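# Structure assessment
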Amino acid sequence: TIKTKAKRIIAKEINSLASKEIISHNKWQEATSKCKELELKWKKLGHLNKKSNKIAWKELRDALNNFYNNKNNFYKEKKKKSKQSLENKLILCKKAEDLQYSTNWKVTTKELIKLQEEWKNSDFSPDKQSNDIWKRFRTACDTFFESKKQYYKKIEKTKKIARKEREALFTELKELEVSTETEK
């Protein structure tokens, strides 16, 4: 019958939705809305005779199960990746915290910049959990770079004082008269 064919076509459309490779939360939201619309459309077609209805119902259930299993697998994988990303960020944070008090300025600067680059390129992890780790990471980096800045400021200040002392010494030397008496 026409209703049976229509119900079959809807089940195939749901299977088609399930077979698409969907790689984002928003796309899954869109696909879920479309799936619900199709299911509602299927139900609005009404009942069939008992035998046909049983077959059509099984086709719909299989299509929906297929769709929602794929959706579930997507979110399980996303959660797994998110957890791994969080663990990786925690490792980066601990490395940065271990380096924050280093005075090996050149080597540590390179290492911290490398850690910052790794953080930047790491996978997404939920803000709620990631923000605390980010604050620790940033504090460790800021601590090191502020210490480095203060160290070089102090050296520059010392150089400035030494330069002024040399200039004063040169001025004093210029003012000295050279004696013609060799014994003096």
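Structure: see above.
These numbers come from a predicted model, not from an experiment. (Residues numbered from 1 in each chain as written. Predicted model: local features only at pLDDT ≥ 70, side-chain atom pairs only at ≥ 80, totals over all residues. Heavy atoms only, no water.)

Let's shift gears to the overall build of the chain. A tally of regular secondary structure across the chain gives 5 helices and 0 strands. Starting at the N terminus, the α and β elements of the chain follow one another as α-α-α-α-α. On C-alpha atoms alone, the chain measures out to a radius of gyration of 36 Å, which is more than a quarter above the 16 Å that the 2.2 N^0.38 rule sets for 184 residues. Seen through its principal axes, the chain has C-alpha atoms that stretch 135 × 25 × 20 Å. Counting all 184 residues of the chain, 24% fall into the buried class. (Helix = DSSP H or I, 4+ residues; strand = E, 2+ residues; numbered from the N terminus. Rg over C-alpha atoms; globule rule 2.2 N^0.38 Å. Buried < 20%, exposed > 50% of the residue type's maximum accessible area, 1.4 Å probe, protein only.)

With that out of the way, let us pick up helix 1 (residues 2-19). Taking 1.5 Å of rise per residue, the 18 residues of helix 1 would be expected to cover 26 Å, and the 26 Å separating its terminal C-alpha atoms lies within 8% of that figure. Among all positions of helix 1, only Thr4, Lys7, Ile10, Ala11, Ile14, Leu17 and Ala18 are buried. The arc that holds every buried residue of helix 1, seen down its axis, measures 140°, which confines them to one face. Exposed and facing more than 90 degrees away from the buried side of helix 1 are Ile2, Lys5, Lys12 and Ser19. Of the surrounding secondary structure, the elements contacted by the buried residues of helix 1 are helix 2 (25-44) and helix 3 (50-99). (Expected span 1.5 Å × (residues − 1). Arc of directions from axis to C-beta. Contact = heavy atoms within 4.5 Å.)

Another aspect to go through is a nonpolar patch on the surface. On the surface, a nonpolar cluster with roughly 420 Å² of combined accessible area is contributed by Leu169, Phe170, Leu173 and Leu176. Accessibility expressed as a relative area gives 47% for Leu169, which makes it partly exposed. (Patch = residues over 30% accessible without salt bridge, like charges linked within 9 Å, V, L, I, M, F, W, Y side chains within 5 Å. Areas by Shrake-Rupley, 256 points an atom, 1.4 Å probe, with all protein chains shown as cover. Salt bridge = Lys/Arg side-chain N within 4 Å of Asp/Glu carboxyl O.)

Quick look at the packing of aromatic side chains now. Overall, the coordinates contain 12 aromatic pairs when judged by the stated rule. Judged by centre distance (5.4 Å) and plane angle (45°), the ring pair of Trp119 and Trp134 falls under tilted. With a gap of 15 residues between them, Trp119 in helix 4 (residues 105-121) and Trp134 in helix 5 (residues 127-175) connect regions that are remote in the sequence. What makes Trp119 buried here is its relative accessible area of 9%. (Phe/Tyr/Trp six-rings, centres within 6.5 Å; stacked < 30°, edge-to-face > 60°.)

Let us look at the packing of helix 3 against helix 5. Closest axis-to-axis distance for the helix 3/helix 5 pair is 8 Å, and the angle between their directions is 20°. Considered as vectors, helix 3 and helix 5 are oriented roughly parallel to each other. Like other packed secondary-structure pairs, helix 3 and helix 5 cross with a definite hand, here left-handed. Between helix 3, through Leu86, Lys89, Leu90, Leu92, Cys93, Lys94, Ala96, Glu97 and Leu99, and helix 5, the contact on the second element is made entirely by Gln129, Ser130, Ile133, Arg136, Phe137, Ala140, Cys141 and Phe144. Tallied by class, the residues present in the contact of helix 3 with helix 5 amount to 11 nonpolar, 2 polar and 4 charged. (Axes fitted to C-alpha atoms, helices over the stretch in contact; angles between N-to-C directions. Parallel < 35°, antiparallel > 145°, perpendicular 65-115°, else oblique. Left-handed = near helix turned anticlockwise from the far one by under 90°. Nonpolar A, V, L, I, M, F, W, Y, C, P; charged D, E, K, R; others polar.)

Another aspect to go through is the nonpolar core. By size, the foremost hydrophobic cluster in this structure holds 18 residues, and its most contacted members are Ile14, Leu17, Trp28, Ala31, Cys35 and Phe67. Going through the elements one at a time, helix 1, helix 2 and helix 3 are the ones with two or more residues in this core. By residue number, the principal contributor to this core is helix 3, which donates 6 residues. Beyond its immediate chain neighbours, meaning those up to four positions away, Phe67 contacts Ile14, Leu17, Ala18, Trp28, Ala31, Thr32 and Cys35. Of all hydrophobic cores here, the second largest spans 14 residues; its members include Cys93, Leu99, Ile133 and Phe144. (Core = buried A, V, L, I, M, F, W, Y, C linked by side-chain atoms within 4.5 Å.)

Applying the stated criterion across every chain yields a total of 8 salt bridges. The residue Arg138 makes a salt bridge to Asp142 at a minimum N-O spacing of 3.8 Å. With Arg138 and Asp142 both in helix 5, this residue pair falls 4 residues apart, about one helical turn. For Arg138, a relative accessible area of 47% puts it in the partly exposed group. Relative accessible area serves as the criterion here: at 44%, Asp142 is assigned to the partly exposed category. A salt bridge links Glu156 to Arg163; the shortest N-O distance between them is 3.8 Å. For Arg163, a relative accessible area of 35% puts it in the partly exposed group. What you see here is one network of salt bridges that share partners, running through Glu39, Lys43 and Arg61.

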